[in-house]
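If you want the building blocks of each chain, they are given just below.
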Amino acid sequence: MVRNGIGIRTASSRSERAAGQIHVYDGAGKGKSQAALGVVLRSIGLGINSDSPTRILLLRFLKGPGRSYDEDGAIEALQRAFPHLIDQVRTGRAEYFGAEAITRFDRAEAQRGWDIAKGAIASELYSVVVLDELNPVLDLGLLPTDEIVQTLKNKPEYLEVIATGRAAPEALLDIADLHSEMKPHDRPAGAEYNISGIEIYTGAGKGKSTSALGKALQAIGRGISQDQSHRVLILQWLKGGTGYTEDAAIAALRQSYPQLVDHQRCGRDAIVWRGQQQELDCIEAERGWEIAKTAIASGWYKTIVLDELNPTVDLELLPVEPIVEALLRKPRDTEIIITGRCHKPHAYFDLASVHSEVYCHKHYGDRGVELKRGVDF
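Residues numbered from 1 in each chain as written. Predicted model: local features only at pLDDT ≥ 70, side-chain atom pairs only at ≥ 80, totals over all residues. Heavy atoms only, no water.

Caption draft 1: Representation of the overall build of the protein. When helices and strands are tallied, the protein shows 12 helices and 12 strands. The C-alpha atoms of the protein give 20 Å as radius of gyration, which agrees with the globular expectation for 377 residues (21 Å, within 12%). Summarising its shape, the C-alpha atoms of the protein cover approximately 60 × 45 × 40 Å along the three principal directions. Residue pairs at least 24 apart in sequence account for 85% of intrachain contacts in the protein once pairs closer than 6 positions are excluded. Approximately 15,300 Å² of the protein is accessible, and the part contributed by carbon and sulfur atoms is 49%. (Helix = DSSP H or I, 4+ residues; strand = E, 2+ residues; numbered from the N terminus. Rg over C-alpha atoms; globule rule 2.2 N^0.38 Å. Contact = heavy atoms within 4.5 Å. Areas by Shrake-Rupley, 256 points an atom, 1.4 Å probe, with all protein chains shown as cover.)

The following block contains the structure:
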C-alpha cells in the first residue's frame, strides 16, 4: 500500500522501548529548554499512574535562583503534588555572561551541578535526567567535555538523558542517539501586519510537540506564580484516543488549578494518510478548529497551543484562509503556538514572530529503535 503525505502515529498504535537514549537539543532557534520541559511533563504523567519507578531530575545550569523563569511556578506545583516523581536543582548566576566574564563562582556552580548529575546518574534512582543548558556550559569551558562524555557513555542502560542549549560540542553529538537542531527562520511579515506572539515549530526532527508542551508548562507556571489570569488551552489534532502520558500530568494540574488550564484532543485513534482520509477525520478536524477559533477570539486564554495544526492543514482537513483570518484578529496579549510537519510553509507562517525548524541530524527511530512512553509520547 502506498501512503502519501504526513501520518501522525497515535499513542495506542505504538510499541515501546526499554533502553534509554541520549538526546541533544541545540541550535540558535527557540524550543530547546522547552523540549526538555515537555519531556518532564510527559514523565510526570507516566509516573502518576505507573507502578514502575519513574523519577526525573531537572538540573538547570546557568539558571540560578536569583532570577525567576515562567516555568518555576508549574515545576514547584508539580514538586508539591508529586514529590516522589521530580527533583529540581538550579545552578549558576542569574544573568547572562560570556567567556570573557567567567568567574570562580561560575566554575564552582557548574562543578556543583555536574557533581549532582554524576551522583544522580550513578544512583539509578532516576529514569530521566535533564541537563538543561549543559551545552553552553561545555562551550564556555566550565566543565571538562571528556569527563561528561565518558560518564554519559557509561550511564545505566534504561536511563534517558536530555542535554539542551546552544553550541553542543562535537564529542557530545558523537555519542548522542538523538540530535535535533532548532534553526530560526526570519518572518518579517508579522511586523508589517502589526502582529506578534505567534510561534511555529516545524521540521522533521523531534521536539515540536514536546516544545509546545514545555511552552504550555511555562505558561501554566506564569499563571500560578505571576498572573492568575494567564489561562492556557492545549488543543491537539490527529491524536485521538488514549495513552498519551502528558494527559495525566495536565489533568493533575487542572485539578489543582482548574481556572488555569484546559486540554482538548480531536481526531480518530488511527493514523491519517493523504488519500485515505475519512469523513470522521474532517469532522474531528473541524470540531477542533471551532474550539480553537472561539478560544482565539474570546480573549479567555493568554496561551493557546495548536498542536499538529500544520499536518492537519497539509492533509487538507482544514483550509488555510480561516486560520490566517483568526490569527490576524487575535488579541494582542494572546500567544499562539503552532506545531507539526508540513511539506511547505502555509500562509499563516508569515505571521509568526518565532519560527523554529527542528532539523533532524540524528534520530534513534531511524535505527529501528522504538519510541518510549513518558518521553516520546
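Caption draft 2: Summary view of the pattern of salt bridges. Applying the stated rule across the entire model yields 30 salt bridges. One salt bridge in this structure joins Asp-72 and Arg-60, with 3.1 Å as the shortest N-O distance. Note that Asp-72 is positioned in helix H2 (residues 72-81) and Arg-60 in strand E2 (residues 56-60), a separation of 12 residues in sequence. Residue Asp-72 is classed as buried on the basis of its relative accessible area, which comes to 9%. The partner of Arg-222 in a salt bridge is Asp-70, and the shortest N-O contact between them spans 2.9 Å. A residue pair is termed long-range when its members are at least 10 positions apart, and Arg-222 in helix H8 (residues 208-225) and Asp-70 in the loop between E2 and H2 qualify at 152 residues. According to the relative accessible area criterion, Asp-70 is partly exposed, its value standing at 24%. Because the salt bridges share partners, they merge into one network encompassing Lys-30, Asp-70, Glu-199, Lys-215, Arg-222 and Glu-335. (Salt bridge = Lys/Arg side-chain N within 4 Å of Asp/Glu carboxyl O. Buried < 20%, exposed > 50% of the residue type's maximum accessible area, 1.4 Å probe, protein only.)

Caption draft 3: The confidence of the model for the protein, seen in detail. In this model, the protein carries an average pLDDT of 91, and 95% of its residues clear a pLDDT of 70 or more. Considering only residues more than four positions removed or in separate chains, one finds that residues 1-5, a stretch of pLDDT under 50, has 9 contacts. (pLDDT = per-residue confidence, 0-100.)

Caption draft 4: Quick look at helix H12 (residues 321-328). Considered for burial, the residues of H12 that qualify are Ile-323, Val-324, Ala-326 and Leu-327. One face of H12 carries all of its buried residues, which in axial projection span an arc of 165 degrees. For H12, the secondary structure elements touched by its buried residues are strand E7 (198-202), helix H10 (279-298), helix H11 (309-314) and strand E11 (335-339). (Arc of directions from axis to C-beta.)

Caption draft 5: Molecular detail of the packing of aromatic side chains. According to the stated counting rule, one finds 1 aromatic pair in the structure shown. Judged by centre distance (5.5 Å) and plane angle (40 degrees), the rings of Tyr-348 and Phe-349 are tilted. The same class applies to Tyr-348 as to Phe-349, namely buried. Above the face of the Tyr-244 ring, Arg-265 is positioned so that its terminal group lies 3.8 Å from the ring centre. (Phe/Tyr/Trp six-rings, centres within 6.5 Å; stacked < 30°, edge-to-face > 60°. Lys NZ or Arg CZ within 6 Å of the ring centre and 35° of its normal.)

Caption draft 6: Examining the sheet that holds strand E6 (residues 178-184) more closely. Pairing in this open sheet of 12 strands is mixed, and the strands run E3-E2-E4-E5-E1-E6-E12-E7-E11-E10-E8-E9 from one edge to the other. Edge positions in the sheet fall to strand E3 (86-90) and strand E9 (261-265), since each of these pairs with one other strand and no more. Direction aside, neighbouring strands of the sheet carry axes that sit 15 degrees apart on average. Where E7 and strand E12 (residues 354-362) come together, 4 bridges link them in parallel fashion. When the bridges of E12 are listed, Ile-200 appears paired with His-355. (Pairing = 2+ DSSP bridges. Axes fitted to C-alpha atoms, helices over the stretch in contact; angles between N-to-C directions.)

Caption draft 7: A look at the pairing of strand E5 (residues 160-164). Burial of E5 is extensive: 5 of the 5 residues sit out of reach of the surface. The sheet contact formed by strand E1 (residues 22-26) and E5 spans 4 bridges and is parallel. Directly across from His-23, in E5, lies its bridge partner Ile-162.

Caption draft 8: Broad picture of unusual backbone geometry. One non-glycine residue, Glu-133, adopts positive backbone phi at about 65 degrees. Phi at Ala-167 takes a positive value of approximately 60 degrees, unusual for a residue other than glycine. Relative to the assigned elements, Ala-167 resides in the loop between E5 and helix H6 (170-175). For Ala-167, a relative accessible area of 36% translates into the label partly exposed.

Caption draft 9: Just the side chain of Gln-21, in detail. Within the secondary structure, Gln-21 is located in the segment before E1. Other than its neighbours up to four places away in sequence, Gln-21 contacts Lys-155, Leu-159, Glu-160, Val-161, Asp-177, Tyr-364, Arg-367 and Val-369.

Caption draft 10: Region of interest: the nonpolar core. Core analysis: the largest hydrophobic core is formed by 46 residues, its most contacted members being Ile-44 and Leu-253. Those elements that place two or more of their residues in this core are helix H1 (32-48), E2, H2, strand E4 (128-132), E6, H8, strand E8 (232-236) and helix H9 (246-256). Dropping the residues within four chain positions of it, Leu-253 is found in contact with Leu-41, Ala-77, Leu-78, Leu-217, Ile-220, Pro-258 and Val-261. Within the second largest apolar cluster, 34 residues are counted, among which are Leu-317, Ile-338, Phe-349 and Ala-352. (Core = buried A, V, L, I, M, F, W, Y, C linked by side-chain atoms within 4.5 Å.)

Caption draft 11: Geometry of the packing of H1 against H8. With their axes 6 Å apart at the nearest point, H1 and H8 run at an angle of 80 degrees to one another. By the angle class used here, H1 and H8 are roughly perpendicular. Between H1 and H8, the residues in contact are Gln-34, Ala-35, Leu-37, Gly-38, Val-39, Leu-41 and Arg-42 and Ser-209, Thr-210, Ser-211, Leu-213, Gly-214, Lys-215, Leu-217 and Gln-218, respectively. In terms of residue class, the contact of H1 with H8 is made up of 6 nonpolar, 7 polar and 2 charged. (Parallel < 35°, antiparallel > 145°, perpendicular 65-115°, else oblique. Nonpolar A, V, L, I, M, F, W, Y, C, P; charged D, E, K, R; others polar.)

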